[in-house]
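# Descriptive structure summary
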Amino acid sequence: MLQLVIFYIFAAIAVVSAIMVITRRNAVHSAMFLAATLLSVAGVFLSLRAEFLAGVQVIVYVGGILVLFVFVIMLVPSDRVIFERRYNRQGRIALITAAVLIGELVYAVIQGRDAFVFPEETLEPAVEGNSQWVGTVLYQNYLLPFEIASILLLVAIIGAVVLSKKSKPGGEIAVEE
Amino acid sequence: MDFFVDYILEPGVKIGVIVLVLPLLVGYLVLMERKLIAFMQVRLGPMRVGPHGLLQPIADALKLMLKEDIVPRGADRLIFIMAPVVALVPAFIVLSVIPFGPSITVPVPDGFQWPLQFVEREVPLFITDLNIGVLFILAVSSIGVLGIILAGWASNSKYPLLGALRSAAQMVSYEVALGFSIIGVLLLAGSLSLVDIVNAQSGDGHWFVLYQPIAFIIFWICGVAETNRAPFDLPEAESELVAGFHTEYSGFRWSLFFLAEYAAMIVVASLMVTLFFGGWLAPFGLRLLPESLAGIEGAFWFSAKLLFFIYSYIWFRASWPRYRYDQLMHVGWKVLLPIAIANVVATAVLVLLLEG
């Protein structure tokens with residue numbers, strides 16, 4: 001019961017702040033609601049006893065990505081941040097796509113409703129040593145996907161560096177100071 | 001009843017002690033800093049309030065609470081008010097997983113009947129021991145930087161914005177090398193839990209600083225940079241940026257930033273003691289007090305080591321000039337990070353060879 005209540009509290013905060021993220025006029029306020037969403041998702045992970053995942057969620061999304069978001073937002077003059085157009089003219093297409101997506105999700109949930117069985121409630125962790133388990137599974141059972149993901153990220157980093165350097169007419173890449 | 005004692009009374013009392021003691025500790029840390037820097041510069045430091053200025057922190061706290069609270073016009077009011085809290089809360093939360101000592105035995109009431117019956121209870125000197133301890137600390141303390149950035153942005157003023165930008169770049173850069181320097185210790189201890197890391201160092205003088213001296217030095221430097229202390233105090237460089245990100249703050253809100261900075265200092269120093277210097281373990285297996293008082297002795301050794309690293313912060317501040325911004329980035333990315341990664345690889349290979 002307690003677990004369920006905690007889950008619903010975090011889920012509600014996550015959903016409400018996610019709506020606030022896309023409706024605020026001020027980009028920094030949006031970023032703050034994004035922080036609330038990300039932290040409540042970490043809370044949901046915790047209520048499901050996935051401690052390692054919760055820690056990684058906070059460190060990567062809040063400590064890394066969100067800080068970079070805010071960093072970039074700060075470099076934009078604040079009056080432009082507030083009066084920038086937030087919506088483009090593709091509202092109808094977006095509405096149709098969203099409706100299709102929601103339809104698919106509802107269908108999937110109805111089809112797989114037997115899978116939503118809540119485990120026995122307990123104050124003890126489901127498995128001892130959550131981080132050890134994640135490490136073992138990641139580096140033994142799923143080593144290949146893990147390595148593929150890291151190569152993908154490496155390519156993205158190199159790509160970002162190459163794109164951010166302006167190329168000279170002679171084909172050489174100039175380093176921008 | 002057991003549920004009440006285990007999950008409400010015991011953590012509640014410990015959290016209360018930390019929340020009450022930490023601000024007092026910070027107050028006297030500031031006095032210590034002022035006095036030590038004064039002595040290093042052949043001055044006397046605060047002398048007027050109390051004998052040798054011993055009541056100065058209390059006078060300062062009163063002054064800060066009574067000062068006018070100013071929110072500049074043009075500031076984003078909500079975020080301006082929120083920022084000091086965002087900076088302070090993570091620093092306090094992190095303290096919940098730091099092991100200050102082993103267990104002590106205290107009598108606790110057994111039930112609510114009168115007269116109270118007391119039973120002996122073993123109480124560990126930390127709030128909780130998490131399986132993801134070190135990860136938790138890195139995760140929660142990375143939220144603290146948001147408070148500084150928000151403060152700089154919400155002030156709607158040039159110097160705070162520049163200070164906040166510097167601060168964000170600096171903290172994100174040094175976090176990377178800091179994380180890598182911890183991995184060496186984690187490889188040796190085989191656990192992320194801080195209590196397990198301390199226990200892995202028990203035995204005569206097997207502190208991890210002996211196996212990981214390079215990682216320790218990197219951690220030390222990055223720890224000073226993460227807390228925005230001299231010589232890495234660019235975010236609040238008073239000769240260039242007035243006071244950096246907290247220029248527009250005054251009174252109590254300003255003191256919250258101050259509290260956050262000193263709490264972060266205490267956290268980083270505690271981490272150094274825990275990861276590299278055996279936490280509460282006595283050097284060379286010394287034993288000053290009988291077995292029954294082992295908890296108090298542990299807390300003593302922890303505090304002694306902690307005080308040394310706090311002293312080192314002040315010593316650095318009095319000794320070294322501030323880095324230039326490009327030097328700061330150079331040191332962080334091109335010197336500390338490669339060394340830290342090389343250290344991780346070397347440690348991993350050695351651990352594998354010696355164990356396998």
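Provided above is the structure to which this section pertains.
Let us look at the structure shown here. (Residues numbered from 1 in each chain as written. Chains lettered and ligands numbered in written order. Predicted model: local features only at pLDDT ≥ 70, side-chain atom pairs only at ≥ 80, totals over all residues. Heavy atoms only, no water.)

## A short note on the overall build of chain B
- Within chain B one finds 12 helices and two strands.
- Mapped from its N terminus to its C terminus, chain B presents α and β elements in the order α-α-α-β-β-α-α-α-α-α-α-α-α-α.
- Scaling as 2.2 N^0.38, a compact globule of 356 residues should have a C-alpha radius of gyration of about 21 Å, and chain B matches this with 22 Å.
- For chain B, the spread of C-alpha atoms along the principal axes amounts to about 60 × 55 × 45 Å.
- In chain B, once contacts between residues fewer than 6 apart in sequence are set aside, the share between residues at least 24 apart is 76%.
- Accessible area for chain B stands at about 16,900 Å²; split by element, carbon and sulfur atoms hold 70% of it. (Helix = DSSP H or I, 4+ residues; strand = E, 2+ residues; numbered from the N terminus. Rg over C-alpha atoms; globule rule 2.2 N^0.38 Å. Contact = heavy atoms within 4.5 Å. Areas by Shrake-Rupley, 256 points an atom, 1.4 Å probe, with all protein chains shown as cover.)

## A look at the interface of chain A and chain B
- If you look at the interface, chain A gives 25 residues, while chain B gives 25 residues.
- Applying the counting rule to chain A against chain B returns zero salt bridges.
- Applying the counting rule to chain A against chain B returns zero residue pairs in polar contact (both at pLDDT 80 or more).
- The set of elements that each furnish at least two residues to the side of chain A that touches chain B consists of α2 (27–47), α3 (51–75) and α6 (130–141) of chain A. (Salt bridge = Lys/Arg side-chain N within 4 Å of Asp/Glu carboxyl O. Polar contact = N/O pair within 3.5 Å; in protein donor to acceptor, adjacent residues only side chain to side chain.)

## Looking at the packing of α3 of chain A against helix α4 (residues 133–154) of chain B
- Remark: α3 of chain A packs on α4 of chain B, axes separated minimally by 8 Å, with the N-to-C direction vectors making an angle of 20°. As far as their axial angle goes, α4 of chain B and α3 of chain A are roughly parallel. In this structure, α3 of chain A meets α4 of chain B at a crossing whose hand is left-handed. Where α3 of chain A approaches α4 of chain B, its residues F52, G55, V56, V58, I59, V62, G63, L66, V67, V70 and M74 of chain A are matched on the opposing element by L135, L138, A139, S142, I143, V145, L146, I149 and W153 of chain B.
- Considering only residue class, the contact of α3 of chain A with α4 of chain B consists of 17 nonpolar, three polar and no charged. (Axes fitted to C-alpha atoms, helices over the stretch in contact; angles between N-to-C directions. Parallel < 35°, antiparallel > 145°, perpendicular 65-115°, else oblique. Left-handed = near helix turned anticlockwise from the far one by under 90°. Nonpolar A, V, L, I, M, F, W, Y, C, P; charged D, E, K, R; others polar.)

## Comments concerning the packing of aromatic side chains
All names here are of chain B.
- Counted under the stated rule, the structure contains 20 aromatic pairs over all chains.
- Ring geometry for W220 versus F309: centroids 5.5 Å apart, planes at 85°, classification edge-to-face. One end of the pair, W220, is in helix α8 (residues 213–226); the other, F309, is in helix α11 (residues 294–319), and 89 residues separate them in sequence.
- With relative accessibility at 2%, the residue F309 sits in the buried group.
- Considering the side-chain rings of W220 and F316, the 5.6 Å spacing of their centres and the 50° angle between planes classify their relative orientation as tilted. Residue W220 is found in helix α8, and its partner F316 is found in helix α11; the two are separated by 96 residues along the sequence.
- Given a relative accessible area of 15%, F316 falls into the buried group.
- Within the aromatic cluster, the residues linked to one another by ring pairs are W207, F216, F219, W220, F276, F277, F308, F309, F316 and W320. (Phe/Tyr/Trp six-rings, centres within 6.5 Å; stacked < 30°, edge-to-face > 60°. Buried < 20%, exposed > 50% of the residue type's maximum accessible area, 1.4 Å probe, protein only.)

## Looking at unusual backbone geometry
- Phi at V42 of chain B is positive, roughly 55°, even though this residue is not glycine.
- Judged by its relative accessible area of 76%, V42 of chain B is exposed.

## Description of the packing of α8 of chain B against helix α10 (residues 251–276) of chain B
All names here are of chain B.
- The N-to-C vectors of α8 and α10 enclose an angle of 170°; their axes lie 10 Å apart at closest approach. Overall, the two elements α8 and α10 adopt an arrangement that is roughly antiparallel. Residues A215, F216, F219, W220 and G223 of α8 lie in contact with α10, whose contacting residues are V268, L271, M272, L275 and F276.
- Residue classes in the contact of α8 with α10 are distributed as nine nonpolar, one polar and no charged.

## Regarding the pattern of salt bridges
All names here are of chain B.
- Overall, the coordinates contain three salt bridges over all chains when judged by the stated rule.
- Across the salt bridge formed by E33 and R317, the nearest N and O atoms sit 2.5 Å from each other. Taken together, the residues E33 in helix α1 (residues 2–40) and R317 in helix α11 connect sequence positions 284 residues apart.
- Since its relative accessible area comes to 42%, R317 is described here as partly exposed.

## Here's the deal with a nonpolar patch on the surface
Residues and elements named next belong to chain B.
- Nonpolar side chains collect at one region of the surface, where L55, I58, L62, M65, L66 and F252 lie side by side and expose about 630 Å² of accessible area between them.
- Among the elements that line the nonpolar patch, the one with the most residues is helix α2 (residues 56–66), at four residues.
- Structurally, M65 is set in helix α2. (Patch = residues over 30% accessible without salt bridge, like charges linked within 9 Å, V, L, I, M, F, W, Y side chains within 5 Å.)

## Examining the environment of V28 of chain A
- Considering the arrangement of structural elements, one finds V28 of chain A in helix α2.
- V28 of chain A sits in the buried class, given a relative accessible area of 1%.

Honestly, that's just the spatial picture; any functional story needs more than this.
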